[in-house]
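# Structural characterization, general
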Amino acid sequence: MDEHGTSVTSALQKLLAEQVARAGGWLPFDRYMALALYAPGLGYYANASRKFGTMPASGSDFATAPEMSPLFAQCLAVQLREALERTGTDELWEFGAGSGALAQELLQALGPQVRRYTVVEVSASLRARQQQALAAFAPRVHWASELPERMEGVVVGNEVLDAMPVKLLARKNLVWHERGVTIADGRLAWADVLTHLRPPVEPTGTQDYLTEIHHQAEAFVRTLGERLKVGAAFFIDYGFPEAEYYHPQRHMGTLMCHRGHLADPDPLDAPGEKDITAHVDFTGIAVAAQDAGLGVLGFASQGRFLVNCGIGERMEAASLQEQAAAQRLVAEHEMGELFKVVGLHHGAFWDAVGFRTGDRTGRL
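Parameters and conventions
- Residues numbered from 1 in each chain as written.
- Predicted model: local features only at pLDDT ≥ 70, side-chain atom pairs only at ≥ 80, totals over all residues.
- Heavy atoms only, no water.
- Axes fitted to C-alpha atoms, helices over the stretch in contact; angles between N-to-C directions.
- Helix = DSSP H or I, 4+ residues; strand = E, 2+ residues; numbered from the N terminus.
- Parallel < 35°, antiparallel > 145°, perpendicular 65-115°, else oblique.
- Left-handed = near helix turned anticlockwise from the far one by under 90°.
- Contact = heavy atoms within 4.5 Å.
- Buried < 20%, exposed > 50% of the residue type's maximum accessible area, 1.4 Å probe, protein only.
- Arc of directions from axis to C-beta.

## Here's the deal with the packing of helix H4 (residues 70–87) against helix H5 (residues 101–110)
- Running from N to C, H4 and H5 cross one another at 55 degrees; their axes reach a closest spacing of 9 Å. Between H4 and H5, the interaxial angle falls into the category oblique. Regarding H4 and H5, the two cross each other, and that crossing is right-handed. Between H4 and H5, the contacting residues are Pro70, Phe72, Ala73, Gln74, Leu76, Ala77, Leu80, Arg81 and Leu84 on the first element and Leu102, Glu105, Leu106, Ala109 and Leu110 on the second.

Structure representation (structure tokens):
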């Protein structure tokens, strides 16, 4: 860890300790996660550290699909092109554009079909990197820090929902608690309080059980549904339908941290230096969307979605190195099965190309 990382971590730990004290000695985990990731200048997504890249030697912490292979964006563009045509719109909205790699490929693939590309980005440091990466497309690319009151167009979010703060619930001796953060012996520590909150599905069995609930991601989707007057939305992320999410065997939850291309389960260690994520409950996302007037176009594994959008043909024309990278996107033991794609729409339903085979909407 460099000197910058040390100073950021100690400043963030001081801020967190102040917030714990201000909250009466106990801070709900979703509030802690929001500060650890997004506190201005200090949180993981708000500080200057490098995050996205394919190799640890670059100083990065993890790779997303757009960094791994351009075929990801090229295939996603097939679905987005169809969605733009079907909804009669010419604007793309991307939430959490990361390194800008996805935007670059989509703008190139879709060309003049996209009149305006708006990146909704809460991180000032990431926005600066994106502006540099997308300078060649400057006249068409715009940035916003929050959702506008009214939107038209097609929305895309790759690994956005998993970074939205979650509440932690712990069942101990069949009694539910909310897990939060306190200060013990001058250090961040876990503390549980009794709660009326429950997961959407009560896990069967009597064993102790730790899990997450996704109020913020669901609220985000409801807000999107209220403000998207014409268009569609596609979210790609790792997660499960609720029957799998709250399965009795998943008793340790899904919360995970990522730093230096390694995963660890301790979000209280070195806040600000690593990503904190939780898998997505796609049933909750679909229900929130429907509550806000959006329909579900489809729900499929990332592998099946990309195959439907033509990745097989593109791989055949690629080099062996490019084929190997793209294979990670579709292989079941890599990203192909764990990652899912959900499509939402406002307006008339259509048989979206990405879900024509392998649609799992019935499992939501």
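## Remarks on helix H6 (residues 124–133)
- Here H6 has its buried residues at Ser125, Leu126 and Gln130. Angular distribution of buried residues about the axis of H6 spans 135 degrees; they occupy a single face of the element. Exposed residues lying more than 90 degrees from the buried face of H6 are Ala124 and Gln132.
- Buried positions along H6 lie against strand E3 (116–120) and strand E4 (141–144).

## Re unusual backbone geometry
- Of note, the phi angle at Asp185 is positive, near 55 degrees, even though the residue is not glycine.
- Along the chain, Asp185 turns up in the loop between strand E7 (175–184) and strand E8 (187–194).

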